[in-house]
Amino acid sequence: MSSLENTCPKTNLKTYPNSLLLEKQGNVAILTLHNPPANTWTKESLIGLIDIVTDLNNDLSIYSLVIKSSGEKFFSAGADLNLFKDGDLGIARDMAKYFGEAFYVLSQFRGVSIAAINGWAMGGGLEVALACDIRIAEQKAIMSLPEAKVGLLPCAGGTQNLTMLVGEGWAKKMILCAERVDARTAEKIGLVEEVVENGCSFDRAMVLARQVAQQSPQSVAACKTLIQSNRTRHWQQGYIVERELFVDLFHTKDQKEGVNAFLEKRTPKWTNA
């Protein structure tokens, strides 16, 4: 075990009544999807995700969030289709609202979010991974957005986030043709950042999460804002904001700590301030 891992003592696992489990290890929060057998999302779990990410944003000791599954076959199969069998418009509006809000809040998490995809990620189960910053997939993982096969469509950012990651052609292939993508293909087209052996996605996600903790959380948050800014603004505006945020970091304690720690050849002690 590395010295960094030694600095990350475990806390008690917190169980929510919405099929989500939260644990904190040092600067890393671990969110486990726990709604067997397929980790489907409900209105309650989506509201729970919003509350959890909001709380984590307010916890300045947390720099990263890893999302994993409690099962071996499914990462998440998305929504339970039993919710939609009666064609109830009220339920449809509610689920679209909460799916959209929950995964948008996740995408705006202050720190770095990492999805450890260990099995099937379908529909909303893939969309929650698309809302994360980084996706690690195991060799057995299968990903798809098959909503149109049952008369629906991805309503939690899937059509937009998938297109940004893999381009219009592959997004159309996956959504319009219901193409399932295995882990190696997902890596090739940019849907996931890395493929690991079966059983290793969580461990690899934790390594990356702890690498985040070695950097200034203020700097990481600013960099994430800049990277995602080209979704809504022109590149030229991004260059301007980049310089502005660089100067803004000089108002933080972590900027002084980082530079002086480097010059003094010691490990910096971040305070997220």
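Residues numbered from 1 in each chain as written. Predicted model: local features only at pLDDT ≥ 70, side-chain atom pairs only at ≥ 80, totals over all residues. Heavy atoms only, no water.

A. Focus on the packing of helix α2 (residues 43-58) against helix α3 (residues 89-107). Where α2 contacts α3, the two axes come as close as 9 Å, and the packing angle between them is 25 degrees. Classified by the interaxial angle, the pair formed by α2 and α3 is roughly parallel. The two elements α2 and α3 cross, and the hand of that crossing is left-handed. Residues Lys 43, Leu 46, Ile 47, Leu 49, Ile 50, Val 53 and Thr 54 of α2 form the contact with α3, whose own contacting residues are Asp 94, Met 95, Tyr 98, Phe 99, Glu 101, Ala 102, Phe 103, Val 105 and Leu 106. Within the contact of α2 with α3, the residues separate by chemical class into twelve nonpolar, one polar and three charged. (Axes fitted to C-alpha atoms, helices over the stretch in contact; angles between N-to-C directions. Helix = DSSP H or I, 4+ residues; strand = E, 2+ residues; numbered from the N terminus. Parallel < 35°, antiparallel > 145°, perpendicular 65-115°, else oblique. Left-handed = near helix turned anticlockwise from the far one by under 90°. Contact = heavy atoms within 4.5 Å. Nonpolar A, V, L, I, M, F, W, Y, C, P; charged D, E, K, R; others polar.)

B. Here's a closer look at the confidence of the model for the protein. When pLDDT is averaged along the protein, the result is 92, and 94% of the positions lie at 70 or above. Of the regions scoring below 50 in pLDDT, residues 1-10 engages in 13 contacts with residues more than four places distant in sequence or in other chains. (pLDDT = per-residue confidence, 0-100.)

C. Spatial organisation of α2. In this model, α2 (16 residues) spans 23 Å end to end at C-alpha, consistent with the 22 Å of a helix rising 1.5 Å per residue. Those residues of α2 that fall on the buried side of the exposure criterion are Ser 45, Leu 46, Gly 48, Leu 49, Ile 50, Ile 52, Val 53 and Leu 56. As for α2, its buried residues are in contact with β2 (20-25), β3 (28-33), β4 (64-69) and α3. (Expected span 1.5 Å × (residues − 1). Buried < 20%, exposed > 50% of the residue type's maximum accessible area, 1.4 Å probe, protein only.)

D. Quick look at the nonpolar core. Counting 49 residues, the largest nonpolar core has Phe 103, Ile 117, Met 143 and Leu 191 as its most contacted members. Look past the residues within four positions of Leu 191 in its chain and what remains in contact with it is Leu 130, Arg 135, Met 143, Leu 162, Leu 165, Val 166, Met 174 and Ala 186. Ile 114, Ala 116, Val 196 and Met 206 belong to the second largest nonpolar core, which has 17 residues in total. (Core = buried A, V, L, I, M, F, W, Y, C linked by side-chain atoms within 4.5 Å.)

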